[in-house]
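Given next are the chains, with one letter for each unit.
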Amino acid sequence: EALPPRFDNIPNKPNIKGGDTVIIAAGHYRIGWTKGLQPRWGDPCDGRYASGCVPQAIPSGSAAHPTRILGAGWDKGCKAPPDLYGVDGANQILNLDGASHVVIACLDLTDHSSCIADFGPDPAFKCKKEPERYGDNDPQLGDWAQKGIHAMDSRNVLLQDLNIHGFADMGVQAGRIADWTVTRVKVVGNGNAGWNGDLGGNDHSSSNSGKLVFTDLVVAWNGCAEDYPKPGKFINCYGQEEGGYGDGFGEAWTGGHFVFIRPVIDHNTQDGLDLLYANGTGSVVIDHGYFFANAGNDVKTTGNATITNNVIVAWCSWFKEHGYPAGADSCRAGGGEYARMNGPDQKVTFAFNTMISNADGMFGGDPDQAVASDTYEIANNIFIGTPSYPPKNDRALTFFTWFGEHGSFPGEVRYINNLVWNTRKTNCFARGIACKDPLLKNMSLQNFDPTPLPGSPALDSSQSLLAGGKGTDASHRNIGAFQGQALSRESAH
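Bear in mind the structure is a predicted one, so any value in this text is a computation, not a measurement.

A. Examining the overall build of the chain more closely. Within the chain, the regular secondary structure consists of 2 helices and 34 strands. The C-alpha atoms of the chain give 24 Å as radius of gyration, which agrees with the globular expectation for 493 residues (23 Å, within 12%). If you line up the chain on its principal axes, its C-alpha atoms span 75 × 50 × 40 Å. Counting over 493 residues, the chain shows a buried share of 57%. Long-range contacts, defined as pairs at least 24 residues apart, comprise 72% of the intrachain contacts of the chain with a sequence gap of at least 6. Accessible area of the chain: about 19,200 Å², with a carbon and sulfur share of 51%. Across the chain, the mean location of the 39 positive side-chain charges is 4 Å away from that of the 53 negative side-chain charges.

B. Summary view of the environment of Asp 83. Mapping Asp 83 onto the fold places it in strand S4 (residues 83-86). Judged by its relative accessible area of 8%, Asp 83 falls in the buried class. Along the chain, Asp 83 and Ala 359 lie 276 residues apart, while their C-alpha atoms are 39 Å from each other. Sequence-distant contacts of Asp 83, that is, excluding residues within four places in its chain, are made with Gly 27, His 28, Tyr 29, Asp 108, Thr 110 and His 112. Within the local environment of Asp 83, its side chain forms a polar contact with the side chain of His 28, the two groups lying 2.8 Å apart.

C. The arrangement of the pairing of S4 in detail. Residue alternation in S4 divides its side chains into two sets, Asp 83 and Tyr 85 and Leu 84 and Gly 86, and both sets are buried. As paired elements, strand S2 (residues 28-31) and S4 share 4 bridges and run parallel to each other. Residue pairing across strands places Tyr 29 opposite Leu 84, the latter belonging to S4.

D. Main features of unusual backbone geometry. Note that the residue after Tyr 228, namely Pro 229, is joined by a cis bond; omega there is 5 degrees. Relative to the helices and strands, Pro 229 resides in the loop between strand S12 (225-226) and strand S13 (234-235). Cis rather than trans, the peptide bond between Tyr 389 and Pro 390 has omega equal to -5 degrees. Position of Pro 390 relative to the elements: it lies in the loop between strand S28 (382-385) and strand S29 (399-402). At Asp 161, a residue that is not glycine, the phi angle is positive and equals roughly 55 degrees. Along the polypeptide, Asp 161 turns up in strand S7 (residues 147-165).

E. Fine view of the side chain of Asn 353. By the secondary structure assignment, Asn 353 is in the loop between strand S24 (347-351) and strand S25 (354-357). Only 3.2 Å separates the side chain of Asn 353 from the backbone oxygen of Ala 351, close enough to count as a polar contact. Among residues more than four places away in sequence, those in contact with Asn 353 are Ile 307, Thr 308, Asn 309, Asn 310, Asn 380, Asn 381, Ile 382, Gly 480 and Ala 481.

F. Local environment of the state of the cysteines. A complete count under the given rule lists 6 disulfides for this structure. What pairs with Cys 316 in a disulfide is Cys 331, and their sulfur atoms sit 2.0 Å apart. Sign of the S-S torsion, about 85 degrees for the bond between Cys 316 and Cys 331, identifies this disulfide as right-handed. With Cys 316 in the loop between strand S22 (311-314) and helix H1 (318-321) and Cys 331 in the loop between H1 and strand S23 (336-340), this residue pair connects regions lying 15 residues apart in the sequence.

G. Focus on the side chain of Asn 309. Mapped onto the elements of the fold, Asn 309 is located in the loop between strand S21 (305-308) and S22. At 2.6 Å, the side chain of Asn 309 and the side chain of Asp 287 are in polar contact. Sequence-distant contacts of Asn 309, that is, excluding residues within four places in its chain, are made with Asp 287, His 288, Gly 289, Ala 351, Phe 352, Asn 353, His 476 and Ala 481.

H. Up close: the layout of surface pockets. By volume, the largest pocket amounts to about 550 Å³. Lining the largest pocket are 20 residues, with Glu 1, Ala 2, Arg 30, Ile 31 and Pro 55 positioned closest to its centre. Of all elements in the fold, only strand S1 (21-24) and S2 reach the threshold of two or more residues within the lining of the largest pocket. Per-element tally for the lining of the largest pocket: the top contributor is S2, with 3 residues.

I. Structural view of the environment of Thr 215. Relative to the helices and strands, Thr 215 is located in strand S10 (residues 211-215). Owing to a relative accessible area of 16%, Thr 215 belongs among the buried residues under this scheme. Sequence separation between Thr 215 and Thr 34 is 181 residues, and the spatial gap between their C-alpha atoms is 36 Å.

Cut-offs used in this document
Residues numbered from 1 in each chain as written. Predicted model: local features only at pLDDT ≥ 70, side-chain atom pairs only at ≥ 80, totals over all residues. Heavy atoms only, no water. Helix = DSSP H or I, 4+ residues; strand = E, 2+ residues; numbered from the N terminus. Rg over C-alpha atoms; globule rule 2.2 N^0.38 Å. Buried < 20%, exposed > 50% of the residue type's maximum accessible area, 1.4 Å probe, protein only. Contact = heavy atoms within 4.5 Å. Areas by Shrake-Rupley, 256 points an atom, 1.4 Å probe, with all protein chains shown as cover. Lys, Arg positive; Asp, Glu negative; His and termini not counted. Charge placed at Lys NZ, Arg CZ, Asp CG, Glu CD. Polar contact = N/O pair within 3.5 Å; in protein donor to acceptor, adjacent residues only side chain to side chain. Pairing = 2+ DSSP bridges. Disulfide = S-S within 2.5 Å. 1 Å grid on protein atoms, 1.4 Å probe; cavity = no way out; pocket = protein on both sides within 12 Å on 5 of 7 lines; lining within 4 Å. Points joined across faces, edges and corners; volume = space filled by probe spheres on them.

What follows is the structure in structure tokens.
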């Protein structure tokens, strides 16, 4: 009603204007083709075009008066967000194409089906795309939708307290955006990807700009179907090797300053957080995150990056060990962490992280485009290796770091005060590397607990990054991510 479906040749006008506020009461709302309503809007809701029978783009507001789409209780803790569920292959629930100065808060965006778009491994779980009959008849495609949110050419948007889950394709597809703020948003259990910044083509046409801040973002179980109506259960997890995708959060070639504060990124069937195609004009900050059991790399960055205070359980064979189709993608691209340079005077800081891994390698850097002025600073971390996957050399351990073969290192790799344990190819006598058991509460992949035990060499032993590794760090007493707070995937969720 507020945003009637439209095509270019049938430009139904919105019934709200920029700067208006729409408040949606608690309840369940069907979004898509609906019997008895479609003739009111013409072709956009003809059965042949059911996927386009969705709300049109939200009109832009202004800095002083943003357009707001809010669930009732948005200002009181969002305890009962309204459920907007897509049906009959709806392209998306909410459209932010060309929409700027918009607030969307306190909504549950989903569908009511367990199918996945273009799912290959089992035709029984592939979404039906062709209507049974044509004309104004019910297309009978089922209660599934492709995406939660689609956005392009959009600036100054706030997404807050959203649960975007169970879609057949992606949770969010957003490219050419600028200055977005995303707070307490979950993107979970979407069939092909979680948050995808590629508008199509994997080229330079989706680049973002400005500051993009994600606080308390949860990205999990993407590349899987949510087993409707069983919230929190996921089936048919599959990845690239099975014809799917599976990145949790990924971007095509992009600028922009990305900031992730307390992200929780786990059980995605390819990479967890993939910013490998950052073009070097911006930066990446990841702080106080929890990464767990992603099938590919947990983190990929290019250019200036600051990765601090994170717990990283790089258990990249999790899907294989638990019998999912995505097991063929286990430890894709080597697993672990990967950071590369693509210009001069770039710096990657990897500090105060605690990491355990069964990937082939724990931390790698690409030397191909690094130049003499580029620097990797690896400081005050705990690295724990386990037998690597796939098994090789009689269950060889994961290696510590890799920055290229002989003579091809970037300008400088600085190690400061790292504890390294149970890894292969590690120079335990090198400056800044101490091969010591960190004595953590649980050092298994299955039940990892990064809390240092009494007597741990991590306690009260940090060193300052600012003084070239000399003296203590006033804000961090300990080596690793634990500074007195609880650190687990459950507490992060």
